[in-house]
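# Understanding the architecture of this molecule
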Amino acid sequence: MIVATATDSTYVEFTAVMLASLAAHADGEVSAAYVFCDGVSEDEKAKMAASYGRPDLVFVDLTDDMTRHFGGRPVNHHLSRTAYARILMPLSLSNETGRLLYLDCDTLVNGSLSPLASLDMQGFPVAAVNDIAHRVPERHAKRNRDIGLPEDMAYFNSGVLLIDLEAWRRDKVSERTIAFALEHPELPMMDQDALNGALRGQWLALDDSWNVHRRLKKGRYDDEPLDWSAVRIIHFIGQVKPNYADCGHPARDIYLRYRARTPFGGEKLKTRWDRKIEKRVRKLRRFLGGMKRRLGLAAG
């Protein structure tokens, strides 16, 4: 089984921490780890490599040609070009066979991955965890309506995807997802909605422990108590991340323990002011990157 993620310079720390957690639990199940990079420097790659500490790490630079299918799709403070990379990975890694475990860079591996390596996928191209929106029936129904799915159809969170590469390519999931995104330019959760819209329930449900994600409610995490040490994969969704000084996520201490194994372990936690500055810099960087790509296309 191979593991893959995608990152840009904004999320290098999270990727490094995720890689440190992956290395701690890779055992003999992971033959290679791929990191798709969008505008990541060599120094940042070196920090991620040091965090992983294994020889099977491969960096793949995300090119304009890879993402040209999504050229008109939106990017913003929480949805970058790397969000679309998971849709292209099975095609970009054309020499790989077997299983690919896709992980968002803001996840942590907190247990053995061996059950995924031997899981019977029953012919489905993807196995995933139900999105937390299913706990609020009205929200789940609206999300499905927005993308043209039956209100009661299962909808998965795309932060953790177990992909059968042969079945994915056989069913042309990348092509169908690209087509769905192009036909629905106003999707609220573009990449995740497009995957769900293209697959239309044809995916295998994983136990929730493979992608435990919690939402802030009025600035607090007030879900039922959970033994986070027993969670296999933790997913820090939302804009308030565990390296923020004001983060109250119940699994934050687990994140900080893995963070201590990376070159970022000694860095101070970010304040709200730091985040405001980063947000503006990120917005400017993406604007300039978009302008550069458009000018390049016009010149061509």
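Report on the accompanying structure. It should be emphasised that the depicted structure is a prediction, and the values quoted were computed from it without experimental measurement.

A separate point is the overall build of the protein chain. Across its full length, the protein chain holds 11 helices and 10 strands. Long-range contacts, defined as pairs at least 24 residues apart, comprise 73% of the intrachain contacts of the protein chain with a sequence gap of at least 6. Surface summary for the protein chain: the accessible area is close to 14000 Å², and the carbon and sulfur share equals 53%.

Any two aromatic rings considered together are summarised by their centre-to-centre distance and by the angle between their planes. Within this structure, the stated rule accounts for 4 aromatic pairs. Geometrically, the ring pair formed by Phe14 and Tyr255 is tilted, given 6.0 Å between the ring centres and 50 degrees between the ring planes. Here Phe14, found in helix α1 (residues 12-25), pairs with Tyr255, found in helix α10 (residues 252-259); they are 241 residues apart in sequence, far enough to count as distant. The same class applies to Phe14 as to Tyr255, namely buried. The interplanar angle of 70 degrees and the centroid separation of 5.0 Å between the aromatic rings of Phe156 and Trp203 together place this pair among those described as edge-to-face. Separated by 47 residues along the polypeptide, Phe156 in strand β7 (residues 156-164) and Trp203 in the loop between α9 (190-199) and β8 (204-205) bring together distant segments of the chain. For the pair shown, Phe156 and Trp203 are each scored as buried. Every member of this aromatic cluster is reached through a ring pair, and the members are Tyr11, Phe14, Phe236 and Tyr255.

It is worth spelling out the pairing of strand β4 (residues 99-103) at this point. In terms of residue burial, β4 counts as a mostly covered element, since 5 of its 5 residues are buried. Residues Arg99, Leu101 and Leu103 point to one face of β4 and Leu100 and Tyr102 to the other, with burial holding for every one of them. Pairing analysis gives 3 bridges linking strand β1 (residues 2-8) to β4, with the strands arranged parallel. Within the sheet, the bridge partner assigned to Ala4 lies in β4 and is Tyr102.

Relative orientation of the contacting elements α1 and α10 amounts to 85 degrees, with a least axis distance of 9 Å. Viewed along their axes, α1 and α10 adopt a mutual orientation that is roughly perpendicular. Contacts between α1 and α10 involve Glu13, Phe14, Val17, Ala20, Ser21, Ala24 and His25 from the former and Tyr255, Tyr258 and Arg259 from the latter. Along the lines of polarity and charge, the residues of the contact of α1 with α10 split into 6 nonpolar, 2 polar and 2 charged.

Moving on, we get to unusual backbone geometry. Even without being a glycine, Asp27 presents a positive backbone phi close to 50 degrees. Relative to the elements of secondary structure, Asp27 occurs in the loop between α1 and β2 (32-38). With a phi angle near 45 degrees, Arg200 is a residue other than glycine that sits in the positive phi range. Residue placement: Arg200 occurs in the loop between α9 and β8.

The rules behind these values
- Residues numbered from 1 in each chain as written.
- Predicted model: local features only at pLDDT ≥ 70, side-chain atom pairs only at ≥ 80, totals over all residues.
- Heavy atoms only, no water.
- Helix = DSSP H or I, 4+ residues; strand = E, 2+ residues; numbered from the N terminus.
- Contact = heavy atoms within 4.5 Å.
- Areas by Shrake-Rupley, 256 points an atom, 1.4 Å probe, with all protein chains shown as cover.
- Phe/Tyr/Trp six-rings, centres within 6.5 Å; stacked < 30°, edge-to-face > 60°.
- Buried < 20%, exposed > 50% of the residue type's maximum accessible area, 1.4 Å probe, protein only.
- Pairing = 2+ DSSP bridges.
- Axes fitted to C-alpha atoms, helices over the stretch in contact; angles between N-to-C directions.
- Parallel < 35°, antiparallel > 145°, perpendicular 65-115°, else oblique.
- Nonpolar A, V, L, I, M, F, W, Y, C, P; charged D, E, K, R; others polar.

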